[in-house]
Protein chains: 4
Amino acid sequence: MGSASATDHQRELDRFYADVAALDLQPLWTQTRNLMPGEPTPATRPWLWKWHAVRRLCERAGRLVSIERGGERRVLSLSNPGLGGLPFATSTLWGAFQYLGPGESAPAHRHSPGAIRFVMEGEGAWTTVDGDACDMAPGDLVLTPSWCWHDHKNGSDRPMIWFDGLDMPTVIALDAVFFEPHPDAAQAVRGRNVSERAVGGRATIPAAARHEAPHSLLVYRWRDTDASLAALLTESREPMATLRYVNPLTGEAALPTLGCEMTRLLEGRRTRPVRKVGSSVYVVFRGRGVSVIDGVELEWATGDSFVAPSWAAVEHQAAEPADLFTIDDRPLLERLALFREARLDEPQKIRERFQPR
Amino acid sequence: MGSASATDHQRELDRFYADVAALDLQPLWTQTRNLMPGEPTPATRPWLWKWHAVRRLCERAGRLVSIERGGERRVLSLSNPGLGGLPFATSTLWGAFQYLGPGESAPAHRHSPGAIRFVMEGEGAWTTVDGDACDMAPGDLVLTPSWCWHDHKNGSDRPMIWFDGLDMPTVIALDAVFFEPHPDAAQAVRGRNVSERAVGGRATIPAAARHEAPHSLLVYRWRDTDASLAALLTESREPMATLRYVNPLTGEAALPTLGCEMTRLLEGRRTRPVRKVGSSVYVVFRGRGVSVIDGVELEWATGDSFVAPSWAAVEHQAAEPADLFTIDDRPLLERLALFREARLDEPQKIRERFQPR
Amino acid sequence: MGSASATDHQRELDRFYADVAALDLQPLWTQTRNLMPGEPTPATRPWLWKWHAVRRLCERAGRLVSIERGGERRVLSLSNPGLGGLPFATSTLWGAFQYLGPGESAPAHRHSPGAIRFVMEGEGAWTTVDGDACDMAPGDLVLTPSWCWHDHKNGSDRPMIWFDGLDMPTVIALDAVFFEPHPDAAQAVRGRNVSERAVGGRATIPAAARHEAPHSLLVYRWRDTDASLAALLTESREPMATLRYVNPLTGEAALPTLGCEMTRLLEGRRTRPVRKVGSSVYVVFRGRGVSVIDGVELEWATGDSFVAPSWAAVEHQAAEPADLFTIDDRPLLERLALFREARLDEPQKIRERFQPR
Amino acid sequence: MGSASATDHQRELDRFYADVAALDLQPLWTQTRNLMPGEPTPATRPWLWKWHAVRRLCERAGRLVSIERGGERRVLSLSNPGLGGLPFATSTLWGAFQYLGPGESAPAHRHSPGAIRFVMEGEGAWTTVDGDACDMAPGDLVLTPSWCWHDHKNGSDRPMIWFDGLDMPTVIALDAVFFEPHPDAAQAVRGRNVSERAVGGRATIPAAARHEAPHSLLVYRWRDTDASLAALLTESREPMATLRYVNPLTGEAALPTLGCEMTRLLEGRRTRPVRKVGSSVYVVFRGRGVSVIDGVELEWATGDSFVAPSWAAVEHQAAEPADLFTIDDRPLLERLALFREARLDEPQKIRERFQPR
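Residues numbered from 1 in each chain as written. Chains lettered and ligands numbered in written order. Predicted model: local features only at pLDDT ≥ 70, side-chain atom pairs only at ≥ 80, totals over all residues. Heavy atoms only, no water.

Trainee: Explain the overall build of chain A to me, using residue names and the numbers behind them.
Mentor: If you tally the helices and strands in chain A, you get seven helices and 24 strands. Projected onto its principal axes, the C-alpha positions of chain A cover 85 × 50 × 50 Å. In chain A, which comprises 357 residues, the share counted as buried stands at 62%. Per element, the accessible surface of chain A, about 13000 Å² overall, is 49% carbon and sulfur. Taken as two groups, the 41 positive and 46 negative side-chain charges of chain A have centres that lie 3 Å from each other. (Helix = DSSP H or I, 4+ residues; strand = E, 2+ residues; numbered from the N terminus. Buried < 20%, exposed > 50% of the residue type's maximum accessible area, 1.4 Å probe, protein only. Areas by Shrake-Rupley, 256 points an atom, 1.4 Å probe, with all protein chains shown as cover. Lys, Arg positive; Asp, Glu negative; His and termini not counted. Charge placed at Lys NZ, Arg CZ, Asp CG, Glu CD.)

Now the structure itself:
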């Protein structure tokens, strides 16, 4: 092609692209590789939040900010610096810490995003879920499934702090968020720990239980999680054991959109690096150690929280026996047949040590 | 029709029926109502076996009969008098008591019928299921699912007696029985109570668990069953609470063909009569009371066993707090969409008091 | 043991067995191998019924026997000589031929056993199922699922004959038979071939369809079956192709208890012998050939029916292109995790040629 | 509070918010209502693209742009003006038109986003999916499920244009995109329309079919869709009938993340307005009419495409009999228990008439 005709062609092409744009269309071929890279290219960055800093800010919030309708909750959310200012821990997960002072309560509402609470500190508070007041103590997991009414009450004279995990970023991306404030500040309580007594057995369920319900048990006690992890570690010969919290009526993940797990790490041995589709938020319930996430080494201790992006290589090493609570996207991805994982043969090279602020 | 032609017609009809029979055919119209009555007409009769009598015979068997290949087990089976001499508790359920003396063992084998063991007396024995030695104590339920290798060993210096429940009559009716003796008298033991440690949590399961397996947990402890029943009774306001033993990986019945339940009855109040398709075998784990089954009143106490035929009206009344272990056909019937049940408005009239032999 | 004490022992044992029997108990150890043989030992025998004989008896029945309430249907059932006089084709399957004369009708009723009709001869009749009048023509399969009201009407001036398949022996064994005559001789018809128009698409279903229904499509047309078999044979390189009739809303067997299949055999090649748990009734829709069933060679032609017991080795060879319609227990056995099958390496030795009566 | 202390409090609050931000945290209470509005507030706008404009640009692209590795496809994507320049039809759906000239081919690749093709114009082309060459003609739907190799070939002397639908925006939001070019420009073809012959029956499936496969049938023919719609309309008395394309092995949506439906509208009657969670792309296969989407009236004719945001009220009225092909998020949302829909009692007020560019 002569240079004249090359110029002609370019001019025609320019006109073409302008016409395409003017009609609200776009060529795929100029952006195929951006849209479909070989592997996930998450904006989420490996990141860590120190407990002492989070905790101090929670207390300051407790003094400075009251809990009111509209604001609804005194919550500080993890805001991943890779996400351009969004209040999300990862591209798909909300992670946050909620502070409820002595005697305080947070008003009743419901929303289509599903939520979990994992208790860090304090006891004597409860979350009421559709009328069932679920007592909360450290290490307990409490569910507030999609569209269940819920409010929180601290009946003790000490503050409570817990971790809030939600599928909110995904539900927002799906344009599926619904929210409704309860007409009253607090729901009527029809019983305490009802679901726990009713369906909380060890591989037994009430003969009358209805299996179609999308959720059943609302609270999982730390003493049970602890005992099951101990038993599982005795059994396996791995440096770690991981439990999945499930709906006892179905054996499926406790929430359809949010996986909850607890991992116990033995001291010293390093876990084999694994990649999996979907991001994770880790909350250190107890212990001390390091994790390497896509080459970034993060040092953690009790109360810290950190995140792994989708498809990041992740490995852990505990300096003392440690328990990591995790939320992730796995149940959602499995339901959509989009989950995959890969075990790596070699430990990662550390290319950066994370400096917490 | 004149009488001559009526006779002709009858003669022709007789010839016709003879020809039909000669060709291995049968008319339906002469037997429609027998084949398809309005409601089930089970041959199984309401019946009861007294514990002291069964127990004494078990001990005599222990002295007189050794356990050998071929015979395989020292087991006395409930033989319902309605079933024409068959060794079955009901038309579809096998119920029996097994006696294992101090130090004795019963050889390893496997079979397509699924079995459960519910421990009546003694401890220090174990059932090894596919290499997993499951310890047995009173009130524990141990599964030996279809086609799993299993053998029993009494490591104590006291005899053990347990109840054996099997789906055998149904598997025989389906021409689906397979049996294989293990090459060795006892299997190699690869661990003790492995499934219990590995999958026995309270609504948590190992992240690595494989859901496709038709069974998972092999043993259900009495202390857990007891605690769950107590919690459930606190919750409900019924005179009884019933737990179903489930596969924690799926929330479905522990075995696909055999339902296992435990019912706790409060003292004094009578349960509302219920009919359900499928028969049941009840084993009184503790307590005292009466049941009315299709008008027959059966008085029971600890250790007794009794049966209800399909579609029989059943109601219970405990004279002291009681726990009834039950096996039934419900999971099988539900999988085939043949289950139904009906609650009756009125207590039954008692037409007979059962006299145990 | 001295002979005196041996005699003593025997005497004591005799007393023991007598006491056991008196208390409605039975020892297992004397009958273990009978109850649990290594492989199924069905009473059902390989057997064949010739069409011309069946057809002639159907016609005689048409002249001699009217269809009335109580008898309900003019049906001749296959009575397997191995089953001691029961009117069952196999231990678990009912197979029969139904004859409906010109203008005749068979009264409306419903029952918990599920049924299928496979049309042999005639057209212009219909089966009304829960108000949906399903037209019937040769090769069509019509379902009357468990507890659906159904009646038959022959609107033509020619007789109709079809094959009736039911799960009745199993439902009887499970003590789960319910039967109810309709208050009227015939149900009100709310439409013709409604299910066919509504859910009979090719991998499309109405967006409004309710998936919880245990059944959906009620009629499967021969022209579709024929076309699908032809396409499947083109695809595979096997001497046979087998289609399973399914519920289009779930992809599962058309009835939960009864498998329906159509097998097309190419001329000449012999199929590889296969054993499977559960029995089968074969109806030759067209063609000629032989089958070998546990060493018995049965020669068949259009209209003949024959049966295979559970776990029998089965192989077929068509002398001309042939279509075999089959009912079996497979969906039921699969739901109970009792199904298994085995392919044999060698063709069977023929030990007997079946002589039809 | 005095104004001095109010100022102090504000100052302290400012410091607090600054410290929160510095530690990569965010307060929830200042943005609760933005994050969780009462109902979905999609950025997606109701929009329409005229066929004649799209078609003309496709042809210009055919002259100006060749198909090459890297660009991979000659595709013009619908770019919803509400989405800030993204090449997406809605926030969750990719919709586009692909142009393949006579004799051209588009190279083989695979990706985790699932795709469908709905043919607008031309025939004699095929899409090869994992070795199965699926012929394409107007009205046919061809699947290229997640991670299946696929390439396109136009074997005719006329151009082909089809609609491409993908779940890509969602898979990007989930950080789950994987892409791989095939080592060769085109895959080896192992057969033509194999899945169609093998599993494309009318409620029959091959007895040997494997149900675990996430997909089965790859192509759905227009003649079948057309016939099923006609039958369904005869049955119902609604002004419209909608078919869902399903996996015949499971009865579930053809792809786990993407619903495909075809709606036939009778002339004249207006459909009742409906809202549902999840967005939709409509492609007018034939006919003429208007739709009202959240008060915006869009006038459409054969070949046009238009979109409805999540929770938009949608109603249609055909000016002549019309067939609308649709993709939506429904299977995905149902799997996550996030789907809901509402029927409105009143037709919408039209607040704007859409002016296509």
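Picking up after the structure, the text goes on.
Trainee: Could you give me a rundown of helix H3 (residues 51-64) of chain D, with the residues and numbers involved?
Mentor: End to end, H3 of chain D covers 20 Å across 14 residues, agreeing with the expected 20 Å (1.5 Å per residue, within 8%). Within the span of H3 of chain D, buried status applies to Trp51, Ala53, Val54, Leu57, Cys58, Arg60, Ala61 and Leu64 of chain D. (Expected span 1.5 Å × (residues − 1).)

Trainee: I'd like a rundown of the arrangement of the chains, residues and numbers included.
Mentor: Taking C-alpha atoms only, the smallest gap left between chain A and chain C, which are not in contact, amounts to 11 Å. One thing to see here is that chain B and chain D don't touch, and their nearest C-alpha atoms sit 11 Å from each other. (Contact = heavy atoms within 4.5 Å.)

Trainee: Tell me what's going on with the nonpolar core, and back it up with residues and numbers.
Mentor: Core analysis: the largest hydrophobic core is formed by 167 residues, its most contacted members being Ile116, Phe163 and Phe325 of chain A together with Ile116, Phe163 and Phe325 of chain B. Apart from residues lying up to four places away in sequence, isoleucine 116 of chain B is in contact with Leu141, Val142, Leu143, Phe163, Asp164, Gly165, Leu255, Leu258, Cys260, Phe325 and Ile327 of chain B. Ranked by size, the runner-up nonpolar core spans 85 residues in total, among them Val119, Ala125, Ala241 and Ile293 of chain C. (Core = buried A, V, L, I, M, F, W, Y, C linked by side-chain atoms within 4.5 Å.)

Trainee: Describe the interface of chain A and chain D, with residues and values.
Mentor: With 84 residues of chain A in contact, the opposing surface of chain D contributes 84 residues. Inspection of the region where chain A meets chain D yields four salt bridges. Note that glutamate 72 of chain D is salt-bridged to arginine 33 of chain A, the shortest N-O span being 3.6 Å. The tally of links from chain A across to chain D stands at 33 residue pairs in polar contact (both at pLDDT 80 or more). Per element, the largest residue contribution to the side of chain A that touches chain D is eight residues, and it comes from helix H1 (residues 3-22) of chain A. Counted by class, the side of chain A that touches chain D contains 51 nonpolar, 19 polar and 14 charged residues. (Salt bridge = Lys/Arg side-chain N within 4 Å of Asp/Glu carboxyl O. Polar contact = N/O pair within 3.5 Å; in protein donor to acceptor, adjacent residues only side chain to side chain. Nonpolar A, V, L, I, M, F, W, Y, C, P; charged D, E, K, R; others polar.)

Trainee: Just give me the short version of the relation of the copies chain A and chain D, but keep the residues and values in it.
Mentor: Between chain A and chain D, the superposition needs a rotation of 180 degrees and an axial shift of 0.0 Å, giving an RMSD of 0.0 Å. Look at the turn and shift together and you get a two-fold axis relating the two. Residue arginine 335 of chain A of chain A places its C-alpha closer to the rotation axis than any other residue of that unit, at 3.2 Å. By residue overlap, the copies meet face to face through one surface: 100% of the interface positions of chain A are interface positions in chain D. (Least-squares fit on C-alpha atoms with pLDDT ≥ 70 in both.)

Trainee: Run through helix H1 (residues 3-22) of chain C, naming residues and quoting values.
Mentor: The end-to-end C-alpha separation of H1 of chain C is 28 Å, in line with the 28 Å expected for 20 residues at 1.5 Å each. Those residues of H1 of chain C lying buried are Leu13, Phe16 and Val20 of chain C. Each buried residue of H1 of chain C sits inside an arc of 60 degrees when the element is viewed along its axis, so together they form one side. Exposed side chains of H1 of chain C directed beyond 90 degrees from the buried face belong to Ser3 and Ala4 of chain C. Here the buried face of H1 of chain C lies against helix H3 (51-64) and strand E3 (75-78) of chain B together with strand E1 (25-27) of chain C. Just downstream of H1 of chain C, aspartate 24 of chain C is the residue with a positive phi angle, here 60 degrees. (Arc of directions from axis to C-beta.)

Trainee: Run through the sheet that holds strand E7 (residues 125-129) of chain D, naming residues and quoting values.
Mentor: What links the strands of a sheet is backbone hydrogen bonding, and the strands pair in either a parallel or an antiparallel sense. All names here are of chain D. Taken together, six strands build an open sheet; the order of strands is E12-E5-E10-E7-E8-E13 and the sheet is mixed. Unpaired on one side and paired on the other, strand E12 (179-181) and strand E13 (191-192) mark the two borders of the sheet. Of the strand pairs in this sheet, E7 and strand E10 (residues 150-154) are connected by five bridges, and their pairing is antiparallel. When the bridges of E10 are listed, tryptophan 126 appears paired with lysine 153. (Pairing = 2+ DSSP bridges.)

Trainee: Please give an account of the side chain of histidine 316 of chain B that cites residues and values.
Mentor: All names here are of chain B. As for its placement among the helices and strands, histidine 316 is situated in strand E22 (residues 314-328). Histidine 316 gets classed as buried once you look at its relative accessible area, which sits at 6%. A polar contact of 2.6 Å, which involves the side chain of histidine 316, links it to the side chain of serine 291. Ignoring sequence-local partners within four residues, the contact set of histidine 316 consists of Leu265, Arg269, Arg270, Thr271, Tyr282, Val290, Ser291, Phe306 and Leu324.

Trainee: Which residues make up the relation of the copies chain B and chain A, and what are the values?
Mentor: At an RMSD of 0.0 Å, chain B and chain A line up after a rotation of 180 degrees and a shift of 0.0 Å along the axis. A share of 100% of the interface residues of chain B reappears at the interface of chain A, consistent with the copies meeting face to face through the same patch.

Trainee: If you had to explain the interface of chain B and chain A to someone new, which residues and values would you point to?
Mentor: Residue-level contacts link 30 residues of chain B with 30 residues of chain A. Roughly 2800 Å² of surface becomes buried between chain B and chain A when both sides are summed, with 56% attributable to carbon and sulfur atoms. On inspection of chain B and its partner chain A, the count reaches two salt bridges. Between arginine 202 of chain B and aspartate 224 of chain A there is a salt bridge, with the nearest N and O atoms lying 3.1 Å from each other. The tally of links between chain B and chain A comes to twelve residue pairs in polar contact (both at pLDDT 80 or more). Sort the elements by how many residues they give to the side of chain B that touches chain A and helix H6 (residues 222-235) of chain B lands first, with six residues. Its residues assigned to classes, the side of chain B that touches chain A shows 15 nonpolar, nine polar and six charged. One ladder, built from three bridges, connects strand E16 (residues 240-245) of chain A with strand E14 (residues 204-206) of chain B; its direction is antiparallel. Residue pairing across strands places leucine 243 of chain A opposite proline 206 of chain B, the latter belonging to E14 of chain B. (Buried area = accessible area lost by both parts, 1.4 Å probe.)

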